[in-house]
Amino acid sequence: MISSNPVLAAITEQVIASFAETENPRLREVLESLVKHLHAFAEDTQLSFDEWMVGIQFLSRVGQMCDDKRQEFILLSDTLGLSMFVDAVNHPDADGATETTVLGPFYVPPLAESAHGSDIAKGTPGVPMYAECQVLADGLPLSDAWVDVWQSDDDGYYDVQKPGQIENLRARFRTDADGRFTFWSIVPTFYPIPDDGPVGDMLKATSRHPYRPAHIHFMIGKDGFETLVTHLFIDGDKYLTSDAVFGVKKSLIISLADGEPRTRGSGDHVPAHKRLVHSFGLRKVD
Ligand SMILES: [Fe+2]
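Remember, predicted model here, so these are calculated numbers, not experimental data.

Draft legend 1. Looking closely at the coordination of the iron ion. Here the iron ion is held by the protein donor atoms Tyr158 (OH), Tyr191 (OH), His215 (NE2) and His217 (NE2), which lie 1.9 to 2.1 Å from it. Around the iron ion sit 4 donor atoms; with metal-centred angles ranging over 92 to 162°, the donor geometry is irregular. Each donor residue of the iron ion belongs to the same chain, with the gaps between them written as Y-x32-Y-x23-H-x1-H. Of the two residues, tyrosine 158 sits in the loop between strand S4 (146-150) and strand S5 (170-174) while histidine 215 sits in strand S9 (residues 215-221), which places them 57 residues apart along the sequence. On the basis of relative accessible area, histidine 215 is assigned to the buried category, the value being 0%.

Draft legend 2. How the structure looks around the pattern of salt bridges. All chains considered together, the criterion is met by 16 salt bridges. Aspartate 87 is paired through a salt bridge with lysine 249; the nearest N and O atoms lie 2.9 Å apart. Placement of aspartate 87 in helix H5 (residues 82-90) and of lysine 249 in the loop between strand S10 (228-234) and strand S11 (253-254) is noted, with a sequence separation of 162 residues between them. On the basis of relative accessible area, lysine 249 is assigned to the buried category, the value being 18%. Overlapping salt bridges, with partners in common, bring together Arg70, Glu72 and Asp196 in one network.

Draft legend 3. Summary view of the pairing of S10. Counted residue by residue, S10 has 7 buried out of 7 residues, so it is predominantly covered. Side chains Leu228, Thr230, Leu232 and Ile234 of S10 all project onto a buried face; the interleaved residues Val229, His231 and Phe233 project onto the opposite face, where all are buried too. Taken together, the 6 bridges between S9 and S10 define a ladder with antiparallel strand orientation. Bridge pairing in S10 links histidine 217 to histidine 231. Sheet topology places S10 next to S11; 2 bridges connect them, and they run parallel. Bridge assignment links isoleucine 234 to a residue of S11, and that residue is isoleucine 254.

Draft legend 4. Main features of the packing of helix H3 (residues 49-64) against helix H4 (residues 72-79). Interhelical geometry of H3 versus H4 gives an angle of 125° and a closest axis separation of 7 Å. It follows from the interaxial angle that H3 and H4 lie oblique. Within the contact between the two elements, H3 uses Phe58, Leu59, Val62 and Gly63 and H4 uses Glu72, Phe73 and Leu76.

Draft legend 5. Structural view of the nonpolar core. Phe181, Phe218 and Leu276 are the most contacted members of the largest nonpolar core, which totals 28 residues. Every element with two or more residues in this core is listed here: strand S2 (128-137), S4, S5, strand S6 (180-186), S9, S10 and strand S15 (273-282). Among the elements that line this core, the one with the most residues is S2, at 5 residues. The residues touching phenylalanine 218, leaving out its near neighbours within four places in the chain, are Val147, Asp148, Val149, Trp150, Phe181, Phe183, Leu228, Val229, Thr230, Leu232 and Phe280.

Reading the values: the criteria
- Residues numbered from 1 in each chain as written.
- Predicted model: local features only at pLDDT ≥ 70, side-chain atom pairs only at ≥ 80, totals over all residues.
- Heavy atoms only, no water.
- Donors = N, O, S within 2.8 Å, 3.2 Å for Na, K, Ca; no water.
- Tetrahedral: all angles 85-135°; square planar, octahedral: opposite > 155°, others 65-115°.
- Helix = DSSP H or I, 4+ residues; strand = E, 2+ residues; numbered from the N terminus.
- Buried < 20%, exposed > 50% of the residue type's maximum accessible area, 1.4 Å probe, protein only.
- Salt bridge = Lys/Arg side-chain N within 4 Å of Asp/Glu carboxyl O.
- Pairing = 2+ DSSP bridges.
- Axes fitted to C-alpha atoms, helices over the stretch in contact; angles between N-to-C directions.
- Parallel < 35°, antiparallel > 145°, perpendicular 65-115°, else oblique.
- Contact = heavy atoms within 4.5 Å.
- Core = buried A, V, L, I, M, F, W, Y, C linked by side-chain atoms within 4.5 Å.

Everything listed here is a matter of geometry and, on its own, says nothing about what the molecule does.
Given below as structure tokens:
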């Protein structure tokens, strides 16, 4: 990967040599590889000064866009496929466990645990959905696992995107003795990733749409097991084959069934709703 041009190769080798005293061997390995790839990229593309400056300014804007609610760097990583690439490098084989996908930029740890059967939509308009899920490990129910759930509303927004919005459409549950957890929500819809910043500019410049197919996020963990970060995608969504962040895996696409009329939470009657029935598999830490 080091250039065959001796002038260029000398620069790369000089930078690599500068890391010789790095105490942390992994840091040294990562930095050496990064420098080799960055230099090879500049040679491959014959990067001009103007283009280099465009890149500097772009990355500066990505950083300036970040705050405690907006993570433009994760969005950049997601839209360049880096997040899914790192996911694939680290999960070469699901080995019976549920497949993983991107965390995304909208995860916030929930404030408290919710009771099974809670309505996490809290009156948000949308088609009611009742989720009946189970967490398994080696095919057996996994009790006392924590389960974080988060999703967008019917307009495609997460609570953290709305100024002053309280925690909504996100919750933490704990699996019962049978590994189960249940909750009410609404059927998610497709939505655009935030495209009013530099990542959106990149999508427009490359004629890409910003949409993600309808999905619900899950993060599930328990001591001794690998924490699962995944989504469930709703079958039939028109963006399943062109997710802006490349996060769709076939095994994560589910169909919602029609639910029988039933009572929700403190007693309201829900005549028509959708049912999400799914089992997740966790894997023991090696
Ligand atoms: Fe999402």
